[in-house]
There are 4 protein chains.
Amino acid sequence: MSPRKVKKEEKRREIALSCTDLIHEIGMKNITVAQVAKIAGIGKGTIYEYFENKEDIIFEIINIHIEKYNKDLVESLEKANSTKEKLELFFKLVLEDDEENLKHFNGYKEFLSIVLSEENPRMKEFNCNKNEFFRAKLLKIFEDGVQKGELKNESLALVDGILTYQKGLALRKMSQNNFDTKQNFKQFIDAIFKLIRLEK
Amino acid sequence: MSPRKVKKEEKRREIALSCTDLIHEIGMKNITVAQVAKIAGIGKGTIYEYFENKEDIIFEIINIHIEKYNKDLVESLEKANSTKEKLELFFKLVLEDDEENLKHFNGYKEFLSIVLSEENPRMKEFNCNKNEFFRAKLLKIFEDGVQKGELKNESLALVDGILTYQKGLALRKMSQNNFDTKQNFKQFIDAIFKLIRLEK
Amino acid sequence: MSPRKVKKEEKRREIALSCTDLIHEIGMKNITVAQVAKIAGIGKGTIYEYFENKEDIIFEIINIHIEKYNKDLVESLEKANSTKEKLELFFKLVLEDDEENLKHFNGYKEFLSIVLSEENPRMKEFNCNKNEFFRAKLLKIFEDGVQKGELKNESLALVDGILTYQKGLALRKMSQNNFDTKQNFKQFIDAIFKLIRLEK
Amino acid sequence: MSPRKVKKEEKRREIALSCTDLIHEIGMKNITVAQVAKIAGIGKGTIYEYFENKEDIIFEIINIHIEKYNKDLVESLEKANSTKEKLELFFKLVLEDDEENLKHFNGYKEFLSIVLSEENPRMKEFNCNKNEFFRAKLLKIFEDGVQKGELKNESLALVDGILTYQKGLALRKMSQNNFDTKQNFKQFIDAIFKLIRLEK
DNA sequence: AATGAATGAGATTTCATTCAT
DNA sequence: TATGAATGAAATCTCATTCAT
């Protein structure tokens, strides 16, 4: 990238980051360009020097959040030992209820709402890319498990199902009132593990 | 219900049904009250004799679609024999790709988008009610399977996980570009069935 | 009046009276024809058998209230002795703060608001008629005072001014936040009485 | 005020002033935002850069009219000599019938109609402020009269009563068909002056 | 005489985006 | 490069009144 482009990229981040708090208050969709400009301390017109349109702003915000989440996930996965531990980290987004994580979760919820509502190919593609990233991570977890002799070989066939199950957990947590995510997870994963764990 | 109320209820349905096609063209959220009135062949003001507000119209449309889908599901479940057959019927919404079913699926997608985006407690509650209905159906399928000696007793513990998995399938189909729903389903369900099927 | 007309007149009153409470809650202007019909226990269309239009309903309501107030005023004036006593009764509408009187006052306020806002000749004429009625009453009070030797002859020239002053008191009470009506009245009337009272 | 703010203030005035004629034709309440925008030669959306809402536009219009009237009043009062002359100037709004003054009078009428009709605390408070301004002016007139030896000391006690009387004159002129404002004023004020004027 | 279903004109307000400076 | 004033399309909802039954 040219130095020019790099600078632009930096400014995009800066602007997007400046409205993090605002977004958690009123939501991505409800934010106005005027608000973004004000909170970023620049003019409304200037926004359009760095972003194509409003959607592009939202895109950048989502991007930052997800990149951050992914980075944290990768780091924590590296420190984990057992397969089950890793799996729990992998499900952290839907299981953990501390403030930090809830922010990520709600951001993801808003992101999904956009993907579902609009015919927005760019967002959809972005979603696919991220999915592949996550799939690769999950696959790695299982492969490591197999290599370490923790899991049966056949367990690799479950990766996609578990990925799907994770999406389902997210959706249910997002759309149901008193959904007990943890209990649903525990029951299901325990059962699955019975199936795929190698008896030593 | 008084005859009065019944008539109102009928008219609501009639109006809501009249815009089925329009909805599939432009989406529930994008519809305008003026359009609904025109297509229903009545005045704009008349709409408000039967609906509280625009949201109420969308609500009725969703309701009709879901009720219809549920009715069909129940009927087809009654005719099915094996547990696996029933399970496939239960997953029909996300698996089948004929026009009729795609309409239901897209309706469900729009519905979810609304549930996720707005602070719309009514929709959310409605979603919860329907979820319970579906959970009951799935549980029944498994209980019948156990009773008929097809499934292990412990398989009942998987009901909630599978329900969640179904949501995940829906979400992935909605939000990913070339997601192979059927293959994901087959792989996962086959594996699960290995676990829970009684060897005869 | 023909018996038919009399019956119509009675029904008008009945309908108008039925919404007295509602009016005090939400105001004459804010009432809807549907509400009037419901509270009167008749159909919306039936309203138009007895009233020309919505304005006509309001007109009837105002009429009833003012007639009632006038009747009470005349009765109480007959029982009063001294001129000053009578004058206080004459100012009762703006001075007294009990619930009953406040209802009349607020009704009058709404009435004035209508007279001022619309170019409503009928209301305006009605207002003039009532004004003449009140002027006659006030004049009578003063004439009696003169005849009884309480007041100077010239005091009759003040009748119109005092009538005007009373309107001013009403307007200020209606439009100012902490207007001390009683104190304004006392100070003014005392001063006036010094001027017009005959020393005995 | 920042230059920013000053410009906004100026533009508010400019927009409000541009619809003066329109208002006299159709009334403040009947004006639409679209009409204001058109007559001001700007877009509908631009209106909302300078005004909170429609009420705010009306508010500005009233403000301008009243400020203008007050300024003229203060100027003319300075030029007047005798107390009676000043008093006549003070009553000018209700007495004079030239076009210029009638516009102010009708503006005041519309303003009062709003104050009486709506639960509009802002307008009511504004009314109170202006009332205090006028009361101060009237008091000054009387104090000067006393100081110059034209009026008795006690006449100061009449200030509030006369202010009230003036409101009454306004209200009657607004709400009665053939009310003879001048005659009512002359008769009343002459009588009052007999009471309060010092014989020299 | 009584009804109440149907009507539709009409007005406010928001906000992403442009463009002249 | 930065700005922010100007834009205007677009959509909801109310309610007095009519009229067929």
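Everything below is about the structure printed above this text.
Worth saying up front: this structure is predicted, and the values here are computed from it rather than measured. (Residues numbered from 1 in each chain as written. Chains lettered and ligands numbered in written order. Predicted model: local features only at pLDDT ≥ 70, side-chain atom pairs only at ≥ 80, totals over all residues. Heavy atoms only, no water.)

Now for the side chain of D56 of chain C. Residues and elements named next belong to chain C. Residue position: D56 is located in helix α5 (residues 54-79). A relative accessible area of 2% places D56 in the buried class. Only 2.9 Å separates the side chain of D56 from the backbone nitrogen of E52, close enough to count as a polar contact. In this structure, D56 is in contact with R12, Y50, F51 and R122, ignoring residues within four places of it in sequence. (Helix = DSSP H or I, 4+ residues; strand = E, 2+ residues; numbered from the N terminus. Buried < 20%, exposed > 50% of the residue type's maximum accessible area, 1.4 Å probe, protein only. Polar contact = N/O pair within 3.5 Å; in protein donor to acceptor, adjacent residues only side chain to side chain. Contact = heavy atoms within 4.5 Å.)

A separate point is the relation of the copies chain B and chain A. If you rotate chain B by 179° and push it 0.1 Å along the axis, it lands on chain A with an RMSD of 0.2 Å. Each copy turns onto its partner about a two-fold axis. Closest to the rotation axis within chain B is the C-alpha of G168 of chain B, separated from it by 1.7 Å. When the interface residues of chain B are mapped onto chain A, 100% of them again fall at the interface, so both copies present the same face. (Least-squares fit on C-alpha atoms with pLDDT ≥ 70 in both.)

Of all hydrophobic cores here, the largest spans 123 residues; its most connected members are F91 of chain A together with F91 of chain B. When sequence neighbours within four positions are dropped, the list of residues in contact with F91 of chain B reads I162, Y165, Q166, L169 and F185 of chain B. Residues I15 and L138 of chain C together with I31 and A170 of chain D belong to the second largest nonpolar core, which totals 122 residues. (Core = buried A, V, L, I, M, F, W, Y, C linked by side-chain atoms within 4.5 Å.)

Counting residues at the interface gives 34 residues for chain B and 35 residues for chain A. At the boundary of chain B with chain A, total buried surface from both sides reaches about 3300 Å², with 65% on carbon and sulfur atoms. The interface formed by chain B and chain A includes 0 salt bridges. Where chain B touches chain A, the interface holds 12 residue pairs in polar contact (both at pLDDT 80 or more). Of all elements in the fold, only α8 (99-117), α9 (121-147), α10 (159-175) and α11 (181-196) of chain B reach the threshold of two or more residues within the side of chain B that touches chain A. Of all the elements, α10 of chain B adds the most residues to the side of chain B that touches chain A, at 12 residues. By residue class, the composition of the side of chain B that touches chain A is 16 nonpolar, 12 polar and 6 charged. (Buried area = accessible area lost by both parts, 1.4 Å probe. Salt bridge = Lys/Arg side-chain N within 4 Å of Asp/Glu carboxyl O. Nonpolar A, V, L, I, M, F, W, Y, C, P; charged D, E, K, R; others polar.)

One pass over the full model with this rule turns up 56 salt bridges over all chains. The partner of R12 of chain A in a salt bridge is D56 of chain A, with the nearest N and O atoms 2.9 Å apart. Here the residue R12 of chain A occupies a position in helix α1 (residues 3-18), and D56 of chain A occupies one in helix α5 (residues 54-79), the gap between them amounting to 44 residues. Using a relative accessible area of 12% as the deciding quantity, one classes R12 of chain A as buried. The shortest N-O distance in the salt bridge between E9 of chain C and R12 of chain C comes to 3.8 Å.

A word on the packing of α8 of chain B against α10 of chain B. Residues and elements named next belong to chain B. Viewed as axis vectors pointing N to C, α8 and α10 meet at an angle of 95°, and their least axial separation amounts to 11 Å. Taken together, the axis directions place α8 and α10 in an arrangement best described as roughly perpendicular. The residues of α10 that touch α8, namely those facing F105, Y108, K109 and L112, are K167, A170, K173 and M174. Tallied by class, the residues present in the contact of α8 with α10 amount to 5 nonpolar, no polar and 3 charged. (Axes fitted to C-alpha atoms, helices over the stretch in contact; angles between N-to-C directions. Parallel < 35°, antiparallel > 145°, perpendicular 65-115°, else oblique.)

Once that is clear, we can look at the relation of the copies chain D and chain C. By a simple turn and slide, chain D fits onto chain C: the slide is 0.1 Å along the axis, the RMSD is 0.2 Å, and the turn is 179°. Take the interface residues of chain D: 100% of them recur as interface residues in chain C, which is what a same-surface contact looks like.

Looking now at the packing of helix α8 (residues 99-117) of chain D against helix α9 (residues 121-147) of chain D. Residue and element names in this part refer to chain D. At a minimum axis distance of 8 Å, the contact between α8 and α9 shows a crossing angle of 125°. Here α8 is positioned oblique relative to α9, judged by the angle of their axes. Here α8 runs over α9; the crossing is left-handed. Each of F111, I114 and V115 in α8 lies in contact with α9, whose residues at this interface are M123, K124, F126 and N127. Grouping the amino acids of the contact of α8 with α9 by side-chain chemistry returns 5 nonpolar, 1 polar and 1 charged. (Left-handed = near helix turned anticlockwise from the far one by under 90°.)

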